[in-house]
Amino acid sequence: MTILFLFNNLAFAQGNSIFVSGRILNAENSEPIANAAIEIVDQKVFATSKNDGTFRIGPIQSNNFRIKITHVAFQEKLIDFKSSKEDEIKLVVYLFPKTINLSPIVILDKKSTEVIDELQQYSTKLSGKELHQKLGQTIASTLKNETGLAVRSMGPAPSRPVFRGLGQDRVLITEDGMKSIDLSATSPDHAVTVEPFTSERIEVLRGPKVLSQTSTTIGGIVNIIKEEIPEQIHNQPHFLLGSYFESVNEGLLGAIKSEVPLKPFQIKFEAAQRTTSDLSTPLGILKNSASKNFSGSAGISYIEDFGFVGSGFKVYNLNYGIPGGFIGAHPFGVNIDIKKRELVFKSKINLNGLNDEVSIDFRNDYYRHREFEHSGLIGSEFRIITNSGRIVFSHLNGDVLKELETGFSFELRDFDIGGYVFTPPTKSYNLSSFIYSDFHLGRFNVDAALRISYDVVDPKIKKVSKKIGEIKKREFYNVAASISFIYKLSDIVFIGSNFSRSTRVPTIEELFSEGPHLAAYSYEVGNPYLNSERGWGFEFFVYHKFEKLNFNLNAFYNYLNSYIIPRNTGLINYQTFLPIYATSGVNAAIYGVEGSVKLNLVDRIFLQSSFSQTIGEFRDTRKPLPKIPPVKGLNQLSYETEKLTAGISNEWALSQNKVDEFEEPTAGYFVTNLFVQKIYQINKIVLNLSVNLENIFNQDYRNHLSRIKSIYPEPGRNLRIILKMYL
């Protein structure tokens, strides 16, 4: 759908050539749309929108003509002009994001080049209507049905995405391209500190570009785009009001977001508050699973022709419960309180026109995390102060070298621990440099990247522990690399492969833990002698895009040495009556296949289907690795127009019986959902309303990666309503 505003009345100027100029904006957030193709139909007159969305096209040798505006990520717009007598027509065009439904092979960035642009049409870069319809309580629940993704959880609030069986920080979560600081990667009871409702887009990044931020190439990056530091100036203020309701937990959310131009400054702020009660399941209420969170941010940028300089501040508070009532757990559960403060500085300076630029990011994060027993006593406390930053030089639009990025990043982390936790306070440092390049050689597109990193993990208390060994300063040197080949067989068929060497430094907890972890309900034993996790990854993929049929298929194999995992030993610590989880580095192989298809059955009716299978094994014994998701997928039948989307979907998973020695198998399931989404336009106000009825048969099903699956299933029947109003 497109909203068109004509700025001036058309006057008559017969006999003169006509020019059309204006600006193309995203209808959902009023951001400028760059690289949109503008065409005067049947006259072979073309233009492309600039970075600020502006364009000018002409001369047009007719008073009756049609303009076609297209962009890979937005819906096509046709505008007819009849008997136009103005020689300069000015307009603003709002484009709505295109629904992108196929599964991910995401080797993309907003500066992506021609071939990668083609592949974006197959990606699971969630934005626009699709993101709106899939919004959940957490980032993980929003992404749960994307191909290759699963959810690790320990209740509704503490959940985190798992990609192809890889969890923890092998799947890096970033906000606006910088690492999100929290403890969600280290333990299943820890939550991700990002509110998904106010996100502009969510991208799952893979391929060589991943090395610009992490050395772990076999996983990926979940990048949440919020653009909290403005990079563009709008012509007028923009507002977003939003609300969210879920019946299954009586969840309510209210949000406001705005951008105000005060040239040459642009101000942006947002705030959201969410509350949920205990979760309703087919077996009853999951006690102590309620949550309450508040997030807010404010940013300001000075924007001129040279680029921009901006700064911002963000607050995130979250209080949630961890259910109890199973073996090793507290009978009434545990409560966790998180407070996070973040100060951000960001700048981008244009060099040599718009082809070269230097970007600078710096963040200071304060994160405090406390775990309370039901009586109110503190059992565990963590405090992290992190300073991180990076400087990146980028070159774009060369003839053969389409894109080059090289940069330097650092992270200084002060990790302090209190309560009944015996991991020593530790400082850690990371220095990294990287280079990424994208070459176009005829039908070949080659992406390559290299990252060199140096890490220090330095405990403040050095000693010899009778439980785990010598606790001392550790240093890690790593080199990671990745290269992708994409061959364009035709305008509609791509094939490609990716080779990568992946590395990962063990975390502080994996090295030095030696005691109970209150909310994780486990007695954790680290290993101070762990080496860096290293391995090789290979992937082959094919993409087809026909007029009414799109599909893709991926196969992957990861060969890993010193793959670091905490395993249930089957033993109990009788001082705390907690199961003992010991961390070790093992030789492993993780491989699988995944794919998706979208078929235009007739007119506006579409059939979609996706599946993913991951197998994880100890290479020495060929026995299953722990916590590998089952074969799972999604089938969906939908009716789609610009303003209305409605359909039925089925989430399914096969039983998972390939489990580790002390791991519980999980039965398969088949869950049915209904959804409808409608967009309304009232003058300049746009309303986007989604109504979802999930698990309509109130089926009892379990998530294999849920730590509490033994006592309670996933949510029961749920009515989820999402409303956003754009002013």
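Note on numbering: residues in each chain are counted from 1, in written sequence order. In view of the model being predicted, local features appear only for residues whose pLDDT reaches at least 70, and side-chain atom pairs are presented and counted only at 80 or more, with totals across whole chains, interfaces and linings using the full set of residues. The side-chain values count all of the structure's non-hydrogen atoms but skip hydrogen atoms and water molecules.

Outline the overall build of the chain, supporting the account with residue identities and numerical values.
Scanning the chain from terminus to terminus reveals 4 helices and 43 strands. Note on exposure labels: buried denotes an accessible area under 20% of the residue type's maximum, exposed denotes more than 50%, and partly exposed covers the range between, all computed with a 1.4 Å probe on protein chains only. Across the 727 residues of the chain, 59% fall into the buried class. Look at the contacts in the chain between residues 6 or more apart in sequence, and 65% of them connect residues 24 or more apart. A 1.4 Å probe and the Shrake-Rupley method give the accessible areas. Residues count as covered only by the protein chains that appear here. Total accessible area on the chain stands at roughly 28,700 Å², and carbon and sulfur atoms take up 57% of it. Every helix listed is a DSSP run of H or I at least four residues long, and every strand listed is a run of E at least two residues long, numbered separately from the N terminus. In what follows, a contact means two residues having at least one pair of non-hydrogen atoms within 4.5 Å.

A description of the side chain of D337 should follow, citing residues and the corresponding values.
With respect to the helices and strands, the residue D337 is situated in strand 23 (residues 334-351). Take D337: its relative accessible area is 13%, and that puts it in the buried class. Pairs of N or O atoms are called polar contacts if they sit within 3.5 Å, as long as, within protein, a hydrogen donor faces a hydrogen acceptor (for residues adjacent in sequence, only side-chain-to-side-chain pairs). Only 3.1 Å separates the side chain of D337 from the side chain of K339, close enough to count as a polar contact.

Provide a residue-level description of unusual backbone geometry, including the pertinent values.
Apart from glycine, the bulk of residues carry a negative phi angle, and the bulk of peptide bonds sit in the trans form. Residues G58 and P59 are joined by a peptide bond in cis, for which omega reads -5 degrees. With respect to the helices, strands and loops of the structure, P59 is situated in strand 5 (residues 54-60). Following K263, the chain continues into P264 via a peptide bond in cis, with omega recorded as 10 degrees. Residue position: P264 is located in the loop between strand 17 (251-262) and strand 18 (265-276). Its identity as a non-glycine residue notwithstanding, R164 has a phi of 50 degrees, on the positive side.

Requested: an account of the pattern of salt bridges, with residues and values cited.
Salt bridge, as applied in this entry: a Lys or Arg side-chain nitrogen positioned within 4 Å of an Asp or Glu carboxyl oxygen. Inspection of every chain in the model, using the stated rule, returns 40 salt bridges. A salt bridge links K134 to E146; the shortest N-O distance between them is 2.8 Å. Within this pair, whereas K134 is found in helix 2 (residues 128-134), its partner E146 is found in the loop between helix 3 (139-143) and strand 10 (149-153), the two being separated by 12 residues in sequence. E146 matches K134 in its accessibility class, with the two residues each being buried. The salt bridge partner of K462 is D458, with a shortest N-O separation of 2.9 Å. A relative accessible area of 48% places K462 in the partly exposed class.

Give a detailed account of the confidence of the model for the chain, specifying residues and quantitative values.
Per-residue confidence from the predictor is reported as pLDDT, which spans 0 to 100. On average, residues of the chain score 85 in pLDDT, and 90% of them reach the 70 mark or higher. Counting interchain partners and residues more than four positions distant, the pLDDT-below-50 stretch residues 1-15 has 48 contacts. The model gives residues 99-114 a pLDDT under 50, and that stretch makes 77 contacts with residues more than four places away or in other chains.

Talk me through the nonpolar core; I want residue IDs and the actual numbers.
Throughout this description, the term nonpolar core refers to a set of buried Ala, Val, Leu, Ile, Met, Phe, Trp, Tyr and Cys residues connected via side-chain atoms within 4.5 Å. By size, the foremost hydrophobic cluster in this structure holds 39 residues, and its most contacted members are Y320, I322 and F415. Listing elements by their share of this core, those giving two or more residues are strand 22 (307-322), strand 23, strand 25 (378-396), strand 26 (401-419), helix 4 (508-512), strand 34 (522-525) and strand 37 (578-602). With 4 residues, the top contributor of residues to this core is strand 22. If we skip the residues at most four places from it in the chain, I322 touches M154, P158, D189, N288, G333, V334, I336, A519 and Y521. Grouped together as the second largest cluster of nonpolar side chains are 22 residues, I60, I67, F81 and V93 included.

Before we move on, could you go through the environment of D361 and cite the residues and values that matter?
With respect to the secondary-structure elements, D361 resides in strand 24 (residues 356-372). Look at D361 and you get buried, because its relative accessible area is 7%. In this structure, the C-alpha to C-alpha distance between D361 and K348, residues 13 residues apart in sequence, is 8.9 Å. What D361 contacts, discounting residues up to four positions off in sequence, is M178, F345, K346, S388, G389 and R390.

Give me the packing of aromatic side chains: which residues, what numbers.
Given two aromatic rings, their pairing is described by the distance between the two centres and the angle made by the two planes. Each Phe, Tyr or Trp ring (for Trp, its six-membered ring) is paired with any other whose centre lies within 6.5 Å, and the angle between the two planes then decides the class: stacked below 30 degrees, edge-to-face above 60, tilted in between. One pass over the full model with this rule turns up 11 aromatic pairs. Pairing F265 with Y302 gives two aromatic rings, centres 5.4 Å apart and planes at 55 degrees, and the pair type is tilted. Taken together, the residues F265 in strand 18 and Y302 in strand 21 (residues 291-304) connect sequence positions 37 residues apart. Residue F265 is classed as partly exposed on the basis of its relative accessible area of 37%. Note on Y302 and F306: the rings are 6.1 Å apart at their centroids and 35 degrees apart in plane angle, and the pair reads as tilted. The class of F306 is partly exposed, set by a relative accessible area of 32%. Taken together through their ring pairs, the aromatic side chains of F265, Y302 and F306 make up a single cluster. When the ring centre of Y559 is taken as reference, the NZ or CZ atom of R619 above it lies at 3.7 Å. The ring of Y680 has K678 lying over it, and the distance from NZ or CZ to the ring centre is 5.7 Å. Think of it as a cone above the ring: NZ of Lys or CZ of Arg counts as a charge over the ring if it is within 6 Å of the ring centre and within 35 degrees of the ring normal.

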